[in-house]
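Letter by letter, the chains look like this.
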Amino acid sequence: MTRANSAALAAAFEGGPAFVPYLAAGDPDYDSSLRYVEALDRGGADVIELGLPFSEPIAEGPTIQGAVTRALDAGMTPERFFEFVSDLDVSAPLVCMTYYNLIYQFGIDEGPEPFVERSAAVGIEGFVVPDLPAEEADPLREACDEHGLDLIFIVAPTTRGERLERIREQVSGYLYVQARLGVTGAKADVSDQTSESLDRVADWPVPKAVGFGISTGEQAAEIVAGGADGIIVGSALVDIVAEGDGEETVEERLEAKARELKRGTEKGFEQRTPRAERP
Amino acid sequence: MSYGTESNPKFGEYGGQFVPEALMPAIEELEDAYERYVLENEDGFVDEFRERLADFGGRPLPLQRADRLSERYGRDVYLKREDLLHGGAHKLNNALGQVLLAKYMGKERIIAETGAGQHGTATAMAAAHLDLPCEIYMGERDIVRQRPNVFRMRLNGSEVNPVSAGRGTLKEAISETMRDWAASVETTHYVIGSVVGPHPFPRMVRDFQAVISEEAREQVLEKAGRLPDSVLACAGGGSNTMGAFHHFVSDDGVELYAVEAGGSSLSVDEERGVAPNSASLSTGTEGVLHGARTRILQDRDGQIMESHSVSSGLDYAGVGPELAHLVDTGRVTPVTVDDDAALEAFHRLSQEEGIIPALETAHAFGYLHENYGDLGEIVIVNVSGRGDKDLESVIEETSEREIEGAPEMDVFQGVGR
Ligand SMILES: Cc1ncc(COP(=O)(O)O)c(C=O)c1O
C-alpha cells in the first residue's frame, strides 16, 4: 500500500499506526537537543521529523517560532544540522523539515540537489517543506528520486479538486494531513476537519499521518480510530523543551509524553479494528 | 486604460508561489479573480476602481515642474505628486484596488501588514470607505517610529496588532500576516502592500500602481513635448517604482532608476546576520522569501538578514520579483542612497520646494542631488508620499547629525518623545 523511495520510512508505517514527533534541531542548544531527540526515540517514535531552523517560519505558530529562534541563536546552521544528524543515536528513521530557501541555497550548484545528496549521505530519509507546493516541487522531487529519498506533502483542509490530484502524483513516503487551518500549535480538541480531510485521501497509495494541534494520548487515539495511519506531534513536545528542567528533567518528560502518545495511537488502532479481524 | 494581459506566475526565473498548502486554494481563487475582474473588467470592476480613485482618491494627480530644483540642477525636474493622493502616499492606489476586489470576491474581512504605516493607513481608509472590518499587523519597532500612522489606522476603525518577532519591522509583519491568513483564508483577503509575495500579487499590485506612469507619461508628453530621459523612484518592495516605471518600460530611451536604501553601510555583518541597509537589488542574492523567488538579503546559509533603513517603508530584506527581473535584464538600474543623504534631501526639498517628502521618497531626491549630471535633460521623480508621518523620526535623526540647511534642532529636543 506504500509508495516510497525509502525502505525505512515504508517499514515505519507497516507495523501499525506510527507516532511521528517533531523537534527543532539545536533547541535550545546542540547537546541538549541531541538528548531530547534520543528521548523521543526511546519513548517509541516510529519516524522523527527534525526541524532545520529557518529565520522566517511562516507556517509555524508561536511555540515552534520560539524553538527556531532559540536554535538559531545557539548557532544552528545547515552544516551543523548534518553534523547533528550524524551524531544522533536513534533507531527511528529521520525526516528533515525545513523551508525551501535553505534547501535551495545549499552548495555551490544552484538548486536543491546538493542539499538532498548531503542529506542522503547522513541518513535522512525524506523531507517536509511547508512552503513548497506541488507546483514548484519538480526540482526537489527529481533530486529526491535520484537519491532514494521521499518528499512528503501536506494536504490542508482547504485542498480540493485539481490540487489534490497534483499532490497525489507527487507525494511519497507518507502524506501529512493538516488537521486544521492555521499554523502549528497545540490544541485541546480534535478538529472535525480531520475526518473530512482523511476521507478525501482515503484511497491514496501512501500512509496518512495527521498533524497540527495534537497534544495528548486521547487525541492520538481518537485520530487513529478515525482512520489515520499515524500522528505528527510538534508543539506539545516543543512546549516541554521550552519549559526546561523542573522536578523531572526535560528528557524524562519528553520520553513519558512520547509513551503516552504512542500508547494513544495503539489504543486508537484497537478501537478501530474489531478483535476478530486482527492478525 | 491598459492593464496587463497575462497572468504568468514568473518573471524570468523570479516569482512563483512558495506558500503553505493551506493558502494555495486562496491564491488560486485570487488568480481567478484577478484575471476576471482586473484583466477582463468583469462586472465593471475596473470602471468602479477608476471612479473611486478619482472621487475618493483625488486622481489624476499633477506632474509638477519643480522650478528651483530645475534651476539648481540645470535640467527640467518634474515631480509626480503621489504625495497628494488621499492618505498621503501612492499606497492607496493598491489598497483601494485590493479592498474593492475583496468585496467583489465576497470576502468578509481584510488583513494587511505595514512598515511605514502608509500601506496600513491606506488599507484602513479603503476598508472604512468600503465597509469591511480590517486588522493590520505592524512591527513593534515601526509602531514606535510611525505613531501618527498607527493612530490614523485606529481612527479609521482598524485593529493594529503589534509584532514583536525579530527586529519588529516589515519582514516580521509580513510573516505574521501570512500566519493569520493561513487560519482565516476562507473569509479573509490579505491586502499585501507592495509588488511582493506569491503570484498574482506582484502583477496585480503593479497593475493597480501603473496609473502613476500612465498619467505621468501623458503629462510629460503634454508639458515637455517629449518623453523624459530618466525616471527615479525609491524602492522598498518596489510598488511605487513599478507603478512609476510600468508604462515607460517599452520606451527604450527612458532610463529607469530604482533607488534603494543604502542605510548606514552597504557592507554586511555576516556574523550577526545583519545588513545595515535594505539594498536587496544592489547587494542581495537570489532566493525564496514570502512566497516568491526574488532578490533577498540573506547569509551564506540562506537565512534572511535583518535589514536597516532610516525609513521604515524601505526597511525590507526582499524586493518585488518583476523589479529583480528588470534589473537582471538591464532595463532598470538599481542605485543606493544612504541614511545621511536621504535626510539631507528631506530638508532640501522641504526648504526649496515647499514639499515635505516621506523619508522613503527622500532617497530618490538624494540620488538626484548626487547624480543629476547623468540623468539627461528631463527627469521625473516619483514623490511616493508626504513626510508628515516621519516628523518624529526626522527630529531625532536630525539632532544626531550636522545637516546643512536643517532648522536649529535644540528647540525641538524632546518633542514627541
Ligand atoms: C511614501 C512611501 N514610499 C515608498 C515606500 C516603499 O514601498 P514601495 O517600494 O512598495 O513603493 C513606502 C512604504 O511604506 C512609502 O510609505
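Residues numbered from 1 in each chain as written. Chains lettered and ligands numbered in written order. Predicted model: local features only at pLDDT ≥ 70, side-chain atom pairs only at ≥ 80, totals over all residues. Heavy atoms only, no water.

Asker: Can you explain unusual backbone geometry? Please cite residues and give values.
Answerer: Here the residue pair Asp27 of chain A and Pro28 of chain A is connected by a cis peptide bond, since its omega of -5 degrees sits within 30 degrees of zero. Along the polypeptide, Pro28 of chain A turns up in the loop between strand 1 (18–24) and helix 2 (30–42). Note the cis peptide between His199 of chain B and Pro200 of chain B, where omega equals 10 degrees. On the secondary structure map, Pro200 of chain B appears in the loop between strand 8 (188–190) and helix 9 (201–209). A positive phi angle, close to 90 degrees, is found at Phe212 of chain A, a residue other than glycine. (Helix = DSSP H or I, 4+ residues; strand = E, 2+ residues; numbered from the N terminus.)

Asker: Provide a residue-level description of the layout of surface pockets, including the pertinent values.
Answerer: Here the largest pocket is characterised by a volume of approximately 790 Å³. In terms of lining residues, the largest pocket is bounded by 30 residues, among which Ser55, Leu72 and Asp73 of chain A together with Ile304 and Glu306 of chain B are the most central. When residues of the lining of the largest pocket are traced back to their parent elements, those giving at least two are helix 3 (62–73) of chain A together with helix 8 (170–184) of chain B. Across the lining of the largest pocket, the residue classes break down as eight nonpolar, nine polar and 13 charged. (1 Å grid on protein atoms, 1.4 Å probe; cavity = no way out; pocket = protein on both sides within 12 Å on 5 of 7 lines; lining within 4 Å. Points joined across faces, edges and corners; volume = space filled by probe spheres on them. Nonpolar A, V, L, I, M, F, W, Y, C, P; charged D, E, K, R; others polar.)

Asker: Account for the packing of aromatic side chains, naming residues and giving values.
Answerer: Counted by the stated rule, this structure contains 22 aromatic pairs over all chains. Through a chain of ring-to-ring contacts, the aromatic side chains of Phe81, Phe82, Phe106, Phe115 and Phe127 of chain A assemble into a single cluster. The ring of Tyr30 of chain A carries Arg80 of chain A above its face, with NZ or CZ at 4.1 Å from the centroid. The ring of Tyr104 of chain A is capped by Arg293 of chain B, whose NZ or CZ atom sits 4.1 Å from the centre of that ring. (Phe/Tyr/Trp six-rings, centres within 6.5 Å; stacked < 30°, edge-to-face > 60°. Lys NZ or Arg CZ within 6 Å of the ring centre and 35° of its normal.)

Asker: Residues and numbers for the confidence of the model for chain B, please.
Answerer: On average, residues of chain B carry a pLDDT of 94, and 97% of them reach 70 or more. Among the scores for the predicted complex, ipTM is 0.94 and pTM is 0.96. (pLDDT = per-residue confidence, 0-100.)

Asker: Pulling in residues and values, what's your account of the interface of chain B and chain A?
Answerer: Taken together, the 34 residues of chain B in the interface contact 36 residues of chain A. Taking both partners together, chain B and chain A bury about 2,800 Å²; carbon and sulfur atoms supply 51% of that area. The tally of links from chain B across to chain A stands at five salt bridges. For Glu28 of chain B, the salt bridge is made with Arg166 of chain A, and the minimal N-O distance between the two is 3.5 Å. (Contact = heavy atoms within 4.5 Å. Buried area = accessible area lost by both parts, 1.4 Å probe. Salt bridge = Lys/Arg side-chain N within 4 Å of Asp/Glu carboxyl O.)

Asker: Tell me about the site of the ligand, and name the residues and values.
Answerer: Residues and elements named next belong to chain B. What surrounds the ligand is a group of 18 residues, the closest being Ser194, Gly236, Gly238, Ser239 and Ser384. Within the backbone of Gly238, an N or O atom sits 2.7 Å from an oxygen atom of the ligand. In the environment of the ligand, a nitrogen atom lies 2.6 Å from a nitrogen or oxygen atom belonging to the side chain of Ser384. Protein contact buries 98% of the 390 Å² of open area that the ligand shows by itself. In this structure, the ligand is accommodated by the largest cavity. (Near = heavy atom within 4 Å. Polar contact = N/O pair within 3.5 Å; in protein donor to acceptor, adjacent residues only side chain to side chain. Areas by Shrake-Rupley, 256 points an atom, 1.4 Å probe, with all protein chains shown as cover. Sits in = over half its atoms within 2 Å of the grid points.)

Asker: Describe in detail the packing of helix 2 (residues 45–55) of chain B against helix 4 (residues 91–104) of chain B, supporting the description with residues and values.
Answerer: All names here are of chain B. For the pair helix 2 and helix 4, interaxial distance at closest approach is 10 Å and the crossing angle is 140 degrees. Judged by the inter-axis angle, helix 2 sits oblique to helix 4. Here the hand of the crossing between helix 2 and helix 4 comes out right-handed. When helix 2 is examined against helix 4, the residues Phe45, Glu48, Phe49, Arg52 and Leu53 are found in contact with a partner set consisting of Asn93, Leu96, Gly97, Leu100, Leu101 and Tyr104. Within the contact of helix 2 with helix 4, the residues separate by chemical class into seven nonpolar, two polar and two charged. (Axes fitted to C-alpha atoms, helices over the stretch in contact; angles between N-to-C directions. Parallel < 35°, antiparallel > 145°, perpendicular 65-115°, else oblique. Left-handed = near helix turned anticlockwise from the far one by under 90°.)

Asker: Tell me about the environment of Thr398 of chain B, and name the residues and values.
Answerer: All names here are of chain B. Mapped onto the elements of the fold, Thr398 is located in helix 16 (residues 391–399). Owing to a relative accessible area of 2%, Thr398 belongs among the buried residues under this scheme. Taking the C-alpha atoms as reference points, Thr398 and Met409, 11 residues apart in sequence, are found 7.4 Å from one another. Non-local contacts of Thr398, meaning those with residues more than four positions away in its chain, are made with Leu343, His347, Ile403, Ala406 and Met409. One polar contact links Thr398 to His347, side chain to side chain, over a distance of 3.0 Å. A distance of 2.6 Å separates a polar side-chain atom of Thr398 from the backbone oxygen of Val394. (Buried < 20%, exposed > 50% of the residue type's maximum accessible area, 1.4 Å probe, protein only.)

Asker: An account of the side chain of Lys91 of chain B is requested, with residue identities and associated values reported.
Answerer: Residue and element names in this part refer to chain B. Looking at the element boundaries, Lys91 is found in helix 4. No salt bridge is formed by the buried Lys91. Its closest oppositely charged neighbour is Glu113, at 6.8 Å. Apart from residues no more than four positions distant in its own chain, Lys91 is found in contact with Gln118, His119, Ala122, Gly193, Gln209 and Ser239. (Lys, Arg positive; Asp, Glu negative; His and termini not counted.)

Asker: Outline empty space enclosed by the protein, supporting the account with residue identities and numerical values.
Answerer: Residue and element names in this part refer to chain B. For the coordinates displayed, the defined rule picks out 11 cavities of 30 Å³ or more. If you add up the space inside the largest cavity, you get close to 320 Å³. Surrounding the largest cavity, 32 residues form its lining, His90, Lys91, Gly313, Leu314 and Glu360 being those nearest its centre. Elements supplying a minimum of two residues to the lining of the largest cavity: strand 5 (109–114), helix 5 (118–129), helix 8, helix 11 (239–245) and helix 15 (359–371). Its residues assigned to classes, the lining of the largest cavity comprises 10 nonpolar, 17 polar and five charged.

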